[in-house]
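# Observations on the three-dimensional arrangement
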Amino acid sequence: MIEIEGLHPPEPHFTPELRWVLEAAFATGSSSPEPGFDPTRAWADARRLALTERIGARRKARELPGELRDDFRRAQAGAAAIGLLYEKTAREVATVAAKLETPVVFLKGLALHLAGCVPVGARSFSDIDILVPKERAEAIFEELLERDFSCSPAEATEQHLPILQPPEGGSLEVHFALRGVQLVGDRPAGFEDLADRDSLLRLEEFPGSTCLPSPSLLAAHILVHGFQQHLLRPTTYPLFRMIADLIDLVPDKVEWSDLVSVWQPAIGHAVSPASLEATRQLCEALRAGHLPDTETQPTSARLLGHLLAGSMNPDYAESLSGAYLRNRLSEAYRRGELGRYLKRKIRPFFGRPRLSRPT
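Residues numbered from 1 in each chain as written. Predicted model: local features only at pLDDT ≥ 70, side-chain atom pairs only at ≥ 80, totals over all residues. Heavy atoms only, no water.

## Focus: the overall build of the protein
Spelled out, the test is: Helix and strand labels come from DSSP, where a helix needs a run of H or I of at least four residues and a strand needs a run of E of at least two; each type is numbered from the N terminus. A radius of gyration in this sense is built from C-alpha atoms; the matching globule rule multiplies 2.2 Å by the number of residues raised to 0.38. Three exposure classes are used, based on accessible area relative to the maximum for each residue type with a 1.4 Å probe and protein chains only: buried under 20%, partly exposed in between, and exposed over 50%. We call two residues in contact whenever any of their non-hydrogen atoms come within 4.5 Å of each other. In summary, the charge assignment counts Lys and Arg as positive and Asp and Glu as negative, without counting His or the chain termini. Charged side chains are reduced to one point each, which is NZ for Lys, CZ for Arg, CG for Asp and CD for Glu.
Tallying secondary structure elements over the protein gives 15 helices and seven strands in all. The C-alpha atoms of the protein give 21 Å as radius of gyration, which agrees with the globular expectation for 359 residues (21 Å, within 12%). In terms of its C-alpha atoms, the protein occupies a principal-axis envelope of roughly 60 × 45 × 40 Å. Looking at the protein as a whole, 54% of its 359 residues qualify as buried. Within the protein, counting contacts between residues at least 6 apart in sequence, those at least 24 apart form 67% of the total. Both charge centroids of the protein, one from 42 positive and one from 48 negative side chains, sit 3 Å from each other.

## A few points about the packing of helix α9 (residues 240-249) against helix α11 (residues 273-288)
Angle between the axes and distance between the axes: these two values describe a pair of packed helices. The condition that has to hold: Between the N-to-C directions of two axes lies an angle of 0 to 180 degrees, each axis being a line fitted to C-alpha atoms and, for a helix, fitted only over the stretch in contact. Roughly parallel covers angles under 35 degrees, roughly antiparallel covers those over 145, roughly perpendicular covers 65 to 115, and oblique covers all other angles. As a working rule, the residues Ala, Val, Leu, Ile, Met, Phe, Trp, Tyr, Cys and Pro are called nonpolar, Asp, Glu, Lys and Arg charged, and the rest polar, with Gly in that last group.
The contact between α9 and α11 brings their axes to 10 Å, and the two run at 80°. Between α9 and α11, the crossing angle belongs to the class labelled roughly perpendicular. Along its contact with α9, which presents Ile 243, Leu 246 and Ile 247, the element α11 presents Thr 279, Leu 282, Cys 283, Leu 286 and Arg 287. A class-by-class count of the residues in the contact of α9 with α11 yields six nonpolar, one polar and one charged.

## With respect to unusual backbone geometry
Its identity is not glycine, yet Glu 101 carries a phi of approximately 55°, on the positive side. Its place among the elements puts Glu 101 in the loop between α4 (69-99) and β1 (104-106). Phi is positive for Lys 108, close to 50°, though the residue is something other than glycine. With respect to the helices and strands, the residue Lys 108 is situated in helix α5 (residues 108-115). Overall, Lys 108 belongs to the buried group, its relative accessible area being 17%.

## Some thoughts on the environment of Gly 226
Tracing the sequence through the fold places Gly 226 in helix α8 (residues 215-230). The buried category is assigned to Gly 226, whose relative accessible area is 0%. C-alpha separation for the pair Gly 226 and Glu 173, spaced 53 residues apart in sequence, amounts to 17 Å. Not counting residues within four places of it along the chain, the set of residues in contact with Gly 226 comprises Leu 231, Leu 239 and Met 242.

## Side note on the nonpolar core
Which entries qualify depends on this criterion: Here, nonpolar core refers to any group of buried Ala, Val, Leu, Ile, Met, Phe, Trp, Tyr and Cys residues whose side-chain atoms link them within 4.5 Å.
Among the nonpolar cores identified, the biggest contains 101 residues, and Phe 26, Ile 55, Phe 106, Ile 130 and Val 174 are the most heavily contacted of them. In this view, Ile 55 contacts Trp 20, Val 21, Ala 24, Ala 25, Ala 46, Leu 64 and Phe 72; residues no more than four positions away in its chain are not counted.

## A short note on the confidence of the model for the protein
As a reminder of what qualifies: Scored from 0 to 100, pLDDT records how confident the predictor is in each individual residue.
Confidence along the protein averages 90 in pLDDT terms, with 91% of residues attaining 70 or more. Confidence drops under pLDDT 50 across residues 348-359; counting only partners more than four residues distant or on other chains, this segment forms 19 contacts.

## A closer look at the packing of aromatic side chains
The description of an aromatic ring pair uses the distance of the two centres, along with the angle that the planes make with each other. Short version of the rule: Aromatic contacts are taken between Phe, Tyr and Trp rings whose centres are within 6.5 Å, Trp giving its six-membered ring; a plane angle under 30 degrees counts as stacked, one over 60 as edge-to-face, and the others as tilted.
Applying the stated criterion to the full structure yields six aromatic pairs. Their ring planes at 80° and their centres at 5.0 Å tell us that Trp 43 and Phe 72 sit as a pair that is edge-to-face. Of the two residues, Trp 43 sits in helix α2 (residues 39-48) while Phe 72 sits in helix α4, which places them 29 residues apart along the sequence. Summarising the burial analysis for this pair, Trp 43 and Phe 72 share the class buried. Each ring, one from Phe 106 and one from Phe 206, has its centre 6.0 Å from the other, and the planes form 70°; the classification is edge-to-face. Linking Phe 106 in strand β1 with Phe 206 in the loop between β6 (200-202) and β7 (210-213), this pair joins segments that are 100 residues apart in sequence. Of the two residues, Phe 106 and Phe 206, both sit in the buried class.

## Points about α11
Count 3.6 residues to each turn of an α-helix, and residues three or four apart come out pointing the same way. Convention followed: Helix span, expected: 1.5 Å multiplied by one less than the number of residues in the helix.
Here α11 spans 22 Å end to end across 16 residues, near enough to the 22 Å set by a 1.5 Å rise per residue. Contacts from the buried residues of α11 go to α1 (16-26), α8, α9, α10 (253-267) and α12 (298-312). A positive backbone phi angle near 85° is found at Gly 289, which sits one or two residues after α11.

And the structure:
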C-alpha cells in the first residue's frame, strides 16, 4: 500500500498562473487572474497538468484570458470530438455484446462521458475499458476481431485480454476483472460480484444489457486506479484527472461518507483511510477555490505537492520509479502472482513473442 506520508515532494511554488489554473479547473465560483499574471505561462501550466480541456469546458469566455480563449476552446472541442468517436465505437461494442447475449459494463472515462457526469469536452480519455463476465470475454474478443478490430502485440494480463484497436482508431481493453476492487477475499471483483451488489446501472439508450458502474463504484475504481497504478508513475497518467473525476462524482461530505462506508473495505488494500481522508480534503479545498492548509491538513497538502511535482518536475517523477517497482512486486507476491508478473515483464527483453490472441 502507498501511504501519502511516505511521499517527499519538493515544496510547490504557487505562482499567480498556477493558482489561476487550479481555480479555473476546480473551483465552484468564478476565477480571476492575480496581478502579474502571464497568460503564456498559465497555458503551459494547464497543459502540464492536463487541465486545458476542463478549463475550456467549465469557464465562460469572459473568465478566460483573451489571448488564450481560442486555445482553451479548441482543447475542449478536441476532447468532445474524441468522446463522440469513442461513443460510436461503444455502440458497436454494445451491439456485438447484445448479439452474443453478453452483458457489458463501460468503465472509467467513457462511463463518465456516457453518464453525463462531466461537462461536454471537459475530460479527454485515450481508450475504452469494458468489463464482461469472464466466461464470455474470449467470445466478444473474437467477434470484435471479426469486425475489423485489430489486436496489438501487448499480451493479456491477469485482468484483461490483449489490447484491441478499433478501425476508427484508439484502443479497447476487454476486462474480466476490476483490478483493485476486492469484494471476495483478495481477488479482483468480476461482473457477477458487482451485479450481486446492485452496483451496475442499465444504460437504457444502448442495446442489450449495457451497464455503467454506479457513481460510488465509479469513484472507488477511479481512486484505486489512481493510487495503485499511477500515483508512483505520474508520467503514465494525468493524476489531476483523478481529482477532477472525484470532484465531479462526489460533491459533498455526505457522498464521501457513503463512498467510504460502502467501498473502503473493497479498496482498503490500496487506499488507506488516511489517504481517503487526505484526498477528500484536497477535493474539498480545490472545489472551494483554495489550497489545503499545511498546518491543519498536512497530508492533503503533501498529496497536492506530489501531484504537482509529478507533472511539472521530471526529476521528481523519475525518482519514484524504484518505489513503484517495489510496491508492484510486493502486491504481486501478496496475490501469489509474482512469477507470472516477472515472466510478463521480462519476456520482451529476450525477444520472445508476445501473445496476440487470448489463451
